[in-house]
Amino acid sequence: MTDLFAFGSGATNLDSDQRYGSTGDMKKTQYVMQLLGFPGDADTLKCLLVAAEKGIEVESGVLDITEAQQKSEAYRKLSPLGIIPALKEAHYTVTGDLGIVTFIEGRGLGNRLAPRNAARLAEQTYWIDIARSNVAPHVELLMQEQVLGPMANTAYGTDRAAVEAAREALRGPLDAIDAQLDGKTFVVGDYSYADIHWTAYIHLLTLLGEADLVEQRPNLNAWFERIKTHKSFSGQNVVAYELMPTLEDIRGKRLKDVVITDY
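Residues numbered from 1 in each chain as written. Predicted model: local features only at pLDDT ≥ 70, side-chain atom pairs only at ≥ 80, totals over all residues. Heavy atoms only, no water.

> What is the right way to look at the sheet that holds strand β2 (residues 58-62) in this model?
Two modes of strand pairing occur in sheets, parallel and antiparallel, and in both the strands are linked by backbone hydrogen bonds. In space, the four strands of this open sheet follow the order β2-β1-β3-β4, with mixed pairing throughout. On the outer flanks of this sheet lie β2 and β4 (92-95), each paired with one strand and no other. Direction aside, the axes of adjacent strands within the sheet are offset by 20 degrees on average. The sheet contact formed by strand β1 (residues 33-37) and β2 spans five bridges and is parallel. Bridged to Leu36 within β2 is Gly61. Helix α2 (residues 42-53) contacts β1 and β2 of the sheet and is inclined by roughly 155 degrees relative to β1. (Pairing = 2+ DSSP bridges. Helix = DSSP H or I, 4+ residues; strand = E, 2+ residues; numbered from the N terminus. Axes fitted to C-alpha atoms, helices over the stretch in contact; angles between N-to-C directions. Contact = heavy atoms within 4.5 Å.)

Below you can see the structure in the form of C-alpha cells.
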C-alpha cells in the first residue's frame, strides 16, 4: 500500500525514536507533524494557519485533487469519504480541518484560540458557521471554475453564469462580516478560530481576482490588512499569513512548511 506520508522526514530511513524525538533535549514541537492537503483548498490553509499560530512545526505534502488523489484507494484508507486534508503525528492520523485544528490546538503553545466565555464562544461559532455555510461553497465554485478545472483539463470551459452567481451570492455574507468588524480588531474579541476561517476564504478570493469584493468593504479590508502582519498568537516570531500560497503556488501544486525558529 502506498504511504502517502512518505515525504519530508517520513521519506528518511530514521527509526521512530530518532524521527519523533522520544529522547534527548528537544523543541516543544518534538513530534513531527505532516499535513497532506492542497494549496487551493481553504481547509488545508486553515490547518497551516493554526499550526503557525500555535507554534507547531508542520511538514507539508500535496494531495493532488486535480487528479482526484483524494479518491484513491490509499487515501480512502485514511479518510473513507475522501475528506481532506489529513494530518499525521507518529502513529496518529486525523482528517478534515475541524479534527486537525482541534488536535493542533491541543498540542500547541499559548492560550486557546477558542474563547472560554460561553457567549463569546457562541458568537465565534456563529461567524464560523457563516463562513463555512455561506462563503465556502462559493469560493470553492470560483476556485473550481477559474483554476482547478483548467488545471485538470486544458479544454475546460468555465461556466460564466455560475461564476457570476457565486460572486452575487457572496455579497450578503461579506456585507455581514463587514458590519461585524465595525470598530473591532478581530471578528469576535481576541484573535480566534473565526479569524482563521475567514482568513482562508478571503485570501483565496483575492487570488481569484475578487479583491474588489474585499476592498469595497472598509472594515473587512482593514481587518484583512491587519491579518497579513499579525504575529503568532502563541508568541513565536512568525506571521501565519506568510504561509498562504500564491496563485502560482496553487498552479504549481506547492504547499509551504511551518517552521518555528524561536522557542
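> Can you help me understand the environment of Val135 in this one?
By the secondary structure assignment, Val135 is in helix α5 (residues 118-152). Relative accessible area serves as the criterion here: at 0%, Val135 is assigned to the buried category. Spatially, the C-alpha atom of Val135 lies 16 Å from that of Gln124, the residues being eleven residues apart in sequence. Those residues in contact with Val135 that lie beyond four places of it in its chain are Ile130, Leu170, Pro173, Trp198 and Tyr201. (Buried < 20%, exposed > 50% of the residue type's maximum accessible area, 1.4 Å probe, protein only.)

> Whenever I open this one, empty space enclosed by the protein confuses me. Can you help?
A probe as big as a water molecule, rolled over the atoms, marks out the empty space that is left. Going through the model one piece at a time under the given rule, you end up with one cavity of 30 Å³ or more. The calculated volume of the largest cavity comes to roughly 40 Å³. Lining the largest cavity, in full, are Leu49, Glu53, Tyr191, Thr199, Ile227, His230, Ala240 and Tyr241. Partitioned by chemical class, the residues of the lining of the largest cavity number five nonpolar, two polar and one charged. Of the residues that make up the lining of the largest cavity, three or more belong to each of domain 1 (9-113 + 234-252) and domain 2 (118-228). (1 Å grid on protein atoms, 1.4 Å probe; cavity = no way out; pocket = protein on both sides within 12 Å on 5 of 7 lines; lining within 4 Å. Points joined across faces, edges and corners; volume = space filled by probe spheres on them. Nonpolar A, V, L, I, M, F, W, Y, C, P; charged D, E, K, R; others polar. Domains from an automatic or database assignment.)

> Help me out: how do you make sense of the packing of α2 against helix α4 (residues 97-107) in this one?
In helix packing, the relevant descriptors are the interaxial angle and the interaxial distance, both defined with respect to the helix axes. Interaxial distance between α2 and α4 falls to 9 Å at its minimum, and their mutual angle equals 5 degrees. Taken as axis vectors, α2 and α4 run roughly parallel relative to one another. Between α2 and α4, the contacting residues are Asp43, Lys46, Cys47, Val50 and Ala51 on the first element and Asp97, Ile100, Val101 and Ile104 on the second. Classifying every residue of the contact of α2 with α4 by side-chain character gives six nonpolar, no polar and three charged. (Parallel < 35°, antiparallel > 145°, perpendicular 65-115°, else oblique.)

> Explanation requested: the nonpolar core in the structure shown.
One recurring pattern in soluble globular proteins is that nonpolar side chains are buried together. In this structure, Leu174, Val187, Trp198, Ile202 and Trp223 are the most contacted members of the largest nonpolar core, which totals 70 residues. Broken down by element, the residue count for this core peaks at eleven residues, all from α5. Two domains each put at least three residues into this core: domain 1 (9-113 + 234-252) and domain 2 (118-228). Once residues lying within four places of it in the same chain are set aside, the contact partners of Trp198 are Trp127, Ile130, Ala131, Val135, Pro173, Leu174, Ile177, Val187 and Trp223. Counting seven residues, the second-largest nonpolar core is a separate cluster that includes Phe5, Leu36, Tyr75 and Ala86. (Core = buried A, V, L, I, M, F, W, Y, C linked by side-chain atoms within 4.5 Å.)

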